[in-house]
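The primary structure of each chain is shown beneath.
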Amino acid sequence: MASTVAAIPSLHKAWVYKEYGAAKDVLKLEELPVPPLAPDQVLVKVHAAALNPVDFKRRLGKFKATDSDLPTVPGYDVAGVVAKVGSEVSSLKQGDEVYGDISEFALDKPKQWGSIAQYTAVEEKLLAIKPRNLSFIQAASLPLAIQTAQEGFDKAKLRAGQSVLVLGGAGGVGSLAIQLAKFVYGASLVAATTSTPKLGLVKSLGADIVIDYKEKNFEDMPERYDVVFDAVGMFWEPKGTNVVKEGGTAVVLTGPVNPPGFRFVVTSNGSNLVRLKDFLESGTVKPVIDPKGPFDFGSVVDAFCYLEGGRACGKVVISVL
Ligand code: NDP
């Protein structure tokens, strides 16, 4: 779909930090130059952006060794309209409605000028055309989280008919991992952990077994799984490994890991999103937006504080219009 594009200003509003620290101490809304455009990039007029835990972990300085230089405009996830194309761009044009995770490697020199801003410059290859049925808010909620679930299941070689346990089923990644396991990869059984108030949500996403972790330990239950997808960081506990079937594996997103588990860091590519287009456009896989949001552009500090509380239900999204 094509949108009309307004003239590009020389300055734009962006959230920026010049030193590592707590959101309320270091994040400021400022006027900055609109980011320069490389030949393989497009300039996106941002309509919506989503937060991910990597945004606050990075802002706290946890990835200093491999981070890009300060100052930093945070934000990986974007949905918006192409305002200008670089000289080598061939598949996108001005007015295209796009979405994507703007940093190819989440921890290795991620973009200095991120998506929590009115404009961001992104390589064409990292973007896809926004599914036509999704709003910008819905589209912005997906890229990093859904590609994490997809890459995790690809690396785990999840096959139709296998069983999956998702630890952290109500979070940004877990809520999409349940849907992908069940409806994209064809898992025969999906179980997921969550706390009591979110049991209904997790069930509605397609989980066959919902485990209330406040009431039961998943390790103490009799079921065994071909693939465990750990979005909480529990797989270091020796008992946790017992829930993996012989020959099975565990995808671990955070924390230490025991065999047969493995950790990986998500890679962004627009072609991953293209692979999911039909599932998204048919409504088979649905974005899950935290009901506290979408946050407005002036409330980014509040949005970060909320995400950092660790209780988000689906994705925390910012409206940038
Ligand atoms: P979220 O902040 O969205 O996760 C919040 C959710 O976690 C809440 O719904 C909460 O539910 C749930 N939760 C917390 N503790 C538990 C528990 N003990 N058992 C079950 N659920 C629990 O985070 P994301 O989903 O975006 O990311 C999850 C982790 O994965 C983060 O550490 C993130 O940094 C990492 N990550 C790593 C990636 C990689 O490439 N390696 C990529 C993406 C994310 P409740 O309130 O019910 O407890």
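Residues numbered from 1 in each chain as written. Predicted model: local features only at pLDDT ≥ 70, side-chain atom pairs only at ≥ 80, totals over all residues. Heavy atoms only, no water.

(A) A look at the pairing of strand β8 (residues 163–167). Here β8 lies mainly inside the structure; 5 of its 5 residues are buried. Here β8 shows a buried face lined by Ser163, Leu165 and Leu167 and a second buried face lined by Val164 and Val166. Across 4 bridges, β8 lies against strand β9 (residues 189–194) in parallel orientation. Residue pairing for β9: serine 163 is matched across the bridge by leucine 189. Between β8 and its parallel partner β9, the chain crosses via helix α5 (residues 172–184), and the hand of that crossover is right-handed. Sheet analysis places β8 next to strand β11 (residues 225–230), joined by 4 bridges and oriented parallel. Bridge pairing links valine 164 to valine 227 in β11. (Buried < 20%, exposed > 50% of the residue type's maximum accessible area, 1.4 Å probe, protein only. Helix = DSSP H or I, 4+ residues; strand = E, 2+ residues; numbered from the N terminus. Pairing = 2+ DSSP bridges. Right-handed = clockwise from strand over helix to strand, strands pointing away.)

(B) Quick look at the site of the ligand. Near the ligand you find 25 residues, and of these Ser195, Lys198, Tyr213, Arg311 and Ala312 are the closest. One of the backbone N or O atoms of glycine 172 is found 2.8 Å from an oxygen atom in the ligand. Tyrosine 213 has a polar side-chain atom sitting 2.3 Å from an oxygen atom of the ligand. Here the ligand has 930 Å² of accessible area as a free molecule, and 87% of this is covered by the chains. (Near = heavy atom within 4 Å. Polar contact = N/O pair within 3.5 Å; in protein donor to acceptor, adjacent residues only side chain to side chain. Areas by Shrake-Rupley, 256 points an atom, 1.4 Å probe, with all protein chains shown as cover.)

By themselves, these are just geometric observations and shouldn't be taken as functional.
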